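Residue-level listing of the chains:
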2 protein chains.
Amino acid sequence: MGETPPFLADPESTRESIMRATYLALCEHGYAGLTIQRIGESFEKSKSLLYHHYDDKDELLLAFLQFMLEQHEASVPKGAEEGAAERLDTVLDAMLPPSLSDEHEGFTAAMVELRAQAANDERYREQFAEHDRAFHEQLVAVVEDGIEDGTFADVDPESVAQFLSSVINGAMTRRVSGGDDDAVTATRTEVDAYLDRVVRAGDGGAA
Amino acid sequence: MGETPPFLADPESTRESIMRATYLALCEHGYAGLTIQRIGESFEKSKSLLYHHYDDKDELLLAFLQFMLEQHEASVPKGAEEGAAERLDTVLDAMLPPSLSDEHEGFTAAMVELRAQAANDERYREQFAEHDRAFHEQLVAVVEDGIEDGTFADVDPESVAQFLSSVINGAMTRRVSGGDDDAVTATRTEVDAYLDRVVRAGDGGAA
């Protein structure tokens, strides 16, 4: 998730307009500062529509997370026009960029806050479990393709995917909660070393 | 941070008693469910002491984080009785255990919630920046020792430390927000592969 996701730039339905307003309000106010009122300030249609569809901000945010997940799954190319290594690079470039715009930083911080809701709220935990599962399956598929075409060594795709998800999550979390951009860049350097030495076939490769 | 930290088991001062009560209340109620009232329920002395010292729960929690940091720094052995690889293993064993007790899981979830406060609250951001810096320096020192005694290849200690902090943070965060124990165990497997192939001197090592 880089800049404003394209499916939010030009909403075509009331649902998409609500999701766009939620995204913009999250970027600006974060979770703690969010109210349905503030989402309404970014909403181009009648605010009564918001109250009509959603009882409180958590119900709206859970719908937003579900919407983001659906859009993400629809946007992941199923075919493999590119090689596995390039596809993995594309994911890492998107998730561990060297710097963030204000909008992207605001959104990342909001996602960290939303994820923390999962610590105590079963609805958020289920939503993030689904999110993690989708991202995990995307990574597993890339690694499996790489093993099949001989680009990658005979690694365990499940382990590699879990590991990459953990690194990405941790770098994003630390970036907005005490860390800095250098921490992300340094993390990426070592992820690349891991991919070179452990995952890629060739000089050494995994056992 | 494994089970109940030893310095909390047997409080010797009012401050330590307050910190112990805060720890127990955090484990049980998390951040969102925490109130000074609930901390008072775990406090053995007069509750008026709590209100006397701290205006609200955030002030008390920031003091708690500072206390944990001081205790952690005091408990890290400065000398190197063990080798660098063993010390790194000890840190990873403590931070990425294969399973968590209820108390430890409650505390981990609370720490994820507290870290999310840093997304919008400068005081928490400064506190976690200090926490991250201390943990980073601990890791850098271990890696430097390993390079010096020839156990580790000529890696960049700063990068390795940032990378390990990211992995640990991400695995902990995912564990309590949608992931499961398997995700942590798989992450650890690949961290060990990284340490073997990239960090340890010998067959290949880093360039």
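Residues numbered from 1 in each chain as written. Chains lettered and ligands numbered in written order. Predicted model: local features only at pLDDT ≥ 70, side-chain atom pairs only at ≥ 80, totals over all residues. Heavy atoms only, no water.

## Things to note about the side chain of T187 of chain B
Within the secondary structure, T187 of chain B is located in helix α10 (residues 181–199). Discounting chain neighbours no more than four positions away, the residues touching T187 of chain B are Q162, F163 and S166 of chain A together with V167, A171 and R174 of chain B. (Helix = DSSP H or I, 4+ residues; strand = E, 2+ residues; numbered from the N terminus. Contact = heavy atoms within 4.5 Å.)

## Things to note about the packing of helix α2 (residues 14–29) of chain B against helix α5 (residues 57–75) of chain B
All names here are of chain B. Contact geometry of α2 with α5 gives a least axis separation of 10 Å together with a crossing angle of 105°. As summarised for this structure, α2 and α5 are arranged roughly perpendicular, according to the angle between their axes. Where α2 abuts α5, its residues R15, E16, I18, M19, T22, Y23 and L26 lie against L60, L61, A63, F64, F67 and E70. Counted by class, the contact of α2 with α5 contains 9 nonpolar, 1 polar and 3 charged residues. (Axes fitted to C-alpha atoms, helices over the stretch in contact; angles between N-to-C directions. Parallel < 35°, antiparallel > 145°, perpendicular 65-115°, else oblique. Nonpolar A, V, L, I, M, F, W, Y, C, P; charged D, E, K, R; others polar.)

## Overview of the UniProt feature "domain: HTH tetR-type" (unreviewed entry) in chain A
Cross-referencing UniProt, the feature "domain: HTH tetR-type" (unreviewed entry) maps to residues 12–72 of chain A in the present numbering. Helix makes up 72% of residues 12–72 of chain A and strand 0%, and the two end C-alpha atoms of the span are 17 Å apart. (UniProt positions renumbered as here; feature names shortened; annotations may be inferred.)

## Overview of the relation of the copies chain B and chain A
Two chain copies here: they are related by a rotation about an axis and a translation along the same axis. For the pair chain B and chain A, the relating rotation is 180°, the translation along its axis is 0.0 Å, and the fit reaches an RMSD of 0.0 Å. When the rotation and shift are considered jointly, the pair of chain copies conforms to a two-fold rotation axis. Of the C-alpha atoms belonging to chain B, the one lying closest to the rotation axis is found on G170 of chain B, 1.7 Å away. Looking at chain B, 100% of its interface residues are interface residues in chain A too, so the copies touch through the same face. (Least-squares fit on C-alpha atoms with pLDDT ≥ 70 in both.)

## Regarding the nonpolar core
One finds F163 and Y194 of chain A together with F163 and Y194 of chain B to be the most contacted residues of the largest nonpolar core, which totals 55 residues. Among the elements of the structure, α6 (84–95), α8 (122–148), α9 (157–175) and α10 (181–199) of chain A together with α6 (84–95), α8 (122–148), α9 (157–175) and α10 of chain B are those that each provide at least two residues to this core. In contact with Y194 of chain B, other than residues within four places in its own chain, are E190, Y194 and V198 of chain A together with V160, F163 and V199 of chain B. (Core = buried A, V, L, I, M, F, W, Y, C linked by side-chain atoms within 4.5 Å. Buried < 20%, exposed > 50% of the residue type's maximum accessible area, 1.4 Å probe, protein only.)

## Let's talk about the pattern of salt bridges
The final tally for this structure, using the stated rule, is 24 salt bridges over all chains. The partner of D132 of chain B in a salt bridge is R174 of chain A, and the shortest N-O contact between them spans 4.0 Å. With D132 of chain B in helix α8 and R174 of chain A in helix α9, this pair bridges two chains. A single burial state applies to D132 of chain B and to R174 of chain A, both of which are buried. Here D89 of chain B ties to R188 of chain B by a salt bridge, and the two come within 3.4 Å at their closest N and O atoms. Of this pair, D89 of chain B sits in helix α6 while R188 of chain B is found in helix α10, placing the two residues 99 residues apart along the sequence. Given a relative accessible area of 13%, R188 of chain B falls into the buried group. One network of salt bridges, in which partners are shared, links D89, D93, R188 and D192 of chain A. (Salt bridge = Lys/Arg side-chain N within 4 Å of Asp/Glu carboxyl O.)

## What to know about the UniProt feature "DNA-binding region" (unreviewed entry) in chain A
UniProt annotation of "DNA-binding region" (unreviewed entry) refers to residues 35–54 of chain A when read in the numbering used here. Helix makes up 60% of residues 35–54 of chain A and strand 0%, whereas the separation of the span's terminal C-alpha atoms amounts to 12 Å.

## What about the interface of chain B and chain A?
By a widely used convention, the size of an interface equals the accessible area lost when the partners come together. Residue-level contacts link 46 residues of chain B with 46 residues of chain A. Taken together, the two surfaces of chain B and chain A that pack against each other cover about 3400 Å², and 58% of this comes from carbon and sulfur. On the chain B side of the interface with chain A, the three residues burying the most area are R174, E190 and R197 of chain B, jointly 20% of the side's total. Linking chain B to chain A there are 2 salt bridges. (Buried area = accessible area lost by both parts, 1.4 Å probe.)

## Some thoughts on α6 of chain A
Within an α-helix, residues lying three or four positions from one another point in the same direction, as the helix has 3.6 residues per turn. All names here are of chain A. For α6, with 12 residues, the first-to-last C-alpha span of 17 Å sits near the 16 Å given by 1.5 Å per residue. Buried within α6 are the following residues: A84, A85, R87, L88, V91, L92 and M95. Seen from one end, α6 has its buried residues packed into an arc of 165°, which puts them on one side. Buried residues along α6 sit against α8, α9 and α10. (Expected span 1.5 Å × (residues − 1). Arc of directions from axis to C-beta.)

## Some details on a negative patch on the surface
All names here are of chain A. Taken together, the side chains of E73, E126, E130, E137, E144, E148, D149, D156 and E158 make up a negatively charged region of the molecular surface. For the negative patch, the leading source of residues is α8, giving 5 residues. Judged by relative accessible area, D156 falls into the partly exposed class, the value being 39%. (Patch = residues over 30% accessible without salt bridge, like charges linked within 9 Å, V, L, I, M, F, W, Y side chains within 5 Å. Areas by Shrake-Rupley, 256 points an atom, 1.4 Å probe, with all protein chains shown as cover. Lys, Arg positive; Asp, Glu negative; His and termini not counted. Charge placed at Lys NZ, Arg CZ, Asp CG, Glu CD.)

## A short note on the domain arrangement of chain A
Residues and elements named next belong to chain A. With domains assigned, chain A is organised as domain 1 (1–75) and domain 2 (79–207). Just the C-alpha atoms count here: the centres of domain 1 and domain 2 sit 25 Å apart. Taken residue by residue, the interface counts 20 residues in domain 1 and 20 residues in domain 2. The interface formed by domain 1 and domain 2 includes 0 salt bridges. Connecting domain 1 to domain 2 are 6 residue pairs in polar contact (both at pLDDT 80 or more). Every element with two or more residues in the side of domain 1 that touches domain 2 is listed here: α2 (14–29) and α5 (57–75). The biggest single contributor to the side of domain 1 that touches domain 2 is α5, with 10 residues. Across the side of domain 1 that touches domain 2, the residue classes break down as 12 nonpolar, 5 polar and 3 charged. (Domains from an automatic or database assignment. Polar contact = N/O pair within 3.5 Å; in protein donor to acceptor, adjacent residues only side chain to side chain.)

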